[in-house]
Amino acid sequence: LAIAICVSGCSHPQENKDILFQTATVNALLEGVYDGEITFQELKQHGDFGLGTVNCLDGEMIGLEGKFYQIKADGMAYLIGDSMKTPFGCVTFFEPDKSVLLDKNVDYNQLEQYLDNLLPTKNIFYAIKIEGVFRYIKTRSVPRQSKPYRPLAEVVKNQTTFEFHNVEGTIVGFRCPAYVEGINVPGYHLHFITKDKKAGGHLLQCQMQNVKIEVDCTSEFYMVLPKSSEFYKLDLTKEKQAELEKVEK
Ligand code: ZN
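**Points about a nonpolar patch on the surface**
A cluster of nonpolar side chains, contributed by Phe221, Met223 and Leu225, occupies part of the molecular surface with about 230 Å² of accessible area. Along the chain, the position of Met223 falls in strand 16 (residues 220-224). Here Met223 falls in the partly exposed class, since its relative accessible area comes to 32%.

**Quick notes on the coordination of the zinc ion**
Within the protein, His189 (NE2), His191 (NE2) and His202 (ND1) serve as the donor atoms for the zinc ion, at 2.0 to 2.1 Å. Here the donor residues for the zinc ion map to a single chain with the spacing H-x1-H-x10-H. We note that His189, like His191, is buried.

**Comments concerning the packing of aromatic side chains**
What characterises a pair of aromatic rings is the spacing of the ring centres plus the angle enclosed by the ring planes. Within this structure, the stated rule accounts for eight aromatic pairs. Measuring from centroid to centroid gives 5.8 Å for Phe40 and Phe68, while their planes differ by 55 degrees, and the two rings are tilted. Separated by 28 residues along the polypeptide, Phe40 in helix 2 (residues 40-43) and Phe68 in strand 5 (residues 67-71) bring together distant segments of the chain. Using a relative accessible area of 0% as the deciding quantity, one classes Phe40 as buried. Phe68 sits in the buried class, given a relative accessible area of 1%. Within the aromatic cluster, the residues linked to one another by ring pairs are Phe49, Phe94 and Phe174.

**As for the pattern of salt bridges**
All told, the structure shown has 13 salt bridges when counted by the stated rule. Through salt bridges with shared partners, a single ionic network connects Glu31, Lys238, Lys240 and Glu243.

**Re the environment of Leu244**
Position of Leu244 among the secondary structure elements: in helix 6 (residues 241-248). Sequence separation of Leu244 and Tyr114 is 130 residues, and the distance between their C-alpha atoms is 23 Å.

**Thoughts on unusual backbone geometry**
Here the amide bond leading from Lys147 into Pro148 is cis, since omega sits at 0 degrees, within 30 degrees of zero. Among the secondary structure elements, Pro148 is positioned in the loop between strand 11 (125-141) and helix 4 (152-155). Of note in the backbone geometry, Cys56 takes a positive phi value of approximately 70 degrees without being a glycine. Mapped onto the secondary structure, Cys56 falls in the loop between strand 3 (49-53) and strand 4 (60-64).

**Here we look at the pairing of strand 15 (residues 211-218)**
With six of its eight residues buried, strand 15 lies for the most part within the structure. In terms of strand pairing, strand 9 (residues 98-102) meets strand 15 through five bridges, oriented antiparallel. Pairing of Leu101 across the sheet is with Lys212, part of strand 15. Inspection of the sheet shows strand 11 paired to strand 15 by seven bridges, in the antiparallel sense. The residue of strand 15 that forms the bridge with Tyr126 is Cys217.

**Quick notes on the nonpolar core**
Among the nonpolar cores identified, the biggest contains 30 residues, and Phe49, Leu57, Leu152 and Phe174 are the most heavily contacted of them. For this core, the secondary-structure elements that each account for two or more residues are helix 1 (26-30), strand 3, strand 4, strand 5, strand 11, helix 4, strand 12 (160-176) and helix 6. In this view, Leu57 contacts Leu29, Tyr34, Val142, Pro143, Arg144, Gln145, Leu152 and Val155; residues no more than four positions away in its chain are not counted. Leu111, Leu119, Phe162 and Ile171 belong to the second largest nonpolar core, which has 28 residues in total.

**Things to note about helix 3 (residues 108-118)**
For helix 3, the complete set of buried residues consists of Tyr108, Leu111, Glu112, Tyr114, Leu115 and Leu118. Buried residues of helix 3 fall within an arc of 165 degrees about the axis and therefore sit on the same side. Across helix 3 from its buried face, at more than 90 degrees, point the exposed residues Asn109 and Asn117.

Cut-offs and rules
Residues numbered from 1 in each chain as written. Predicted model: local features only at pLDDT ≥ 70, side-chain atom pairs only at ≥ 80, totals over all residues. Heavy atoms only, no water. Patch = residues over 30% accessible without salt bridge, like charges linked within 9 Å, V, L, I, M, F, W, Y side chains within 5 Å. Areas by Shrake-Rupley, 256 points an atom, 1.4 Å probe, with all protein chains shown as cover. Salt bridge = Lys/Arg side-chain N within 4 Å of Asp/Glu carboxyl O. Helix = DSSP H or I, 4+ residues; strand = E, 2+ residues; numbered from the N terminus. Buried < 20%, exposed > 50% of the residue type's maximum accessible area, 1.4 Å probe, protein only. Donors = N, O, S within 2.8 Å, 3.2 Å for Na, K, Ca; no water. Phe/Tyr/Trp six-rings, centres within 6.5 Å; stacked < 30°, edge-to-face > 60°. Pairing = 2+ DSSP bridges. Core = buried A, V, L, I, M, F, W, Y, C linked by side-chain atoms within 4.5 Å. Contact = heavy atoms within 4.5 Å. Arc of directions from axis to C-beta.

Structure below.
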């Protein structure tokens, strides 16, 4: 039983917290639409947990426990101010439905298989949080862009990668169904931040054991599209799955 008490000034207008809220589409980001109109103040109304990027594609974004950080191309994490904006953000209010201790040693591919076996279906969305000391983490970030913007596949050619060993921190991300192709990232999309909130990035590789995995089953999806001429002019009819996989992995 959920009882929602909302007095004036309530900061959570969403009574149902199992909603994945998303701004723009991943293919718009691939096409180089790196500026959005949604501020982090607005984004926080829809979730305390999530990932994406910030305007000008200035690094990888991660949200955890209501605080949002950008991991810039120097690998350092910076707290994001409420007035900053995002061209692509995915958030939810994280309330775990499942919690397990991962007792075997897995890499990224094995982690995906392990999680797939844990989930009741591949047809809904999941928010995923993994906490603990990680044997190995490899992340990347992207450099801030200036106009005219190049496509994301071009930008990631200049990505910088970072390696961590026996690092304490949190992996934050989502598993989306295959049918979101073009809209979000089908399968797993994970970001990492260290416990001291000083470093992190978009997760490329990992090795972990004895970490806590929490999963939030999410059956509702809410998308807000940009009102910019950049977005309106895009040709979003093209199939870009191979390009997305190159950019993500
Ligand atoms: Zn990412």
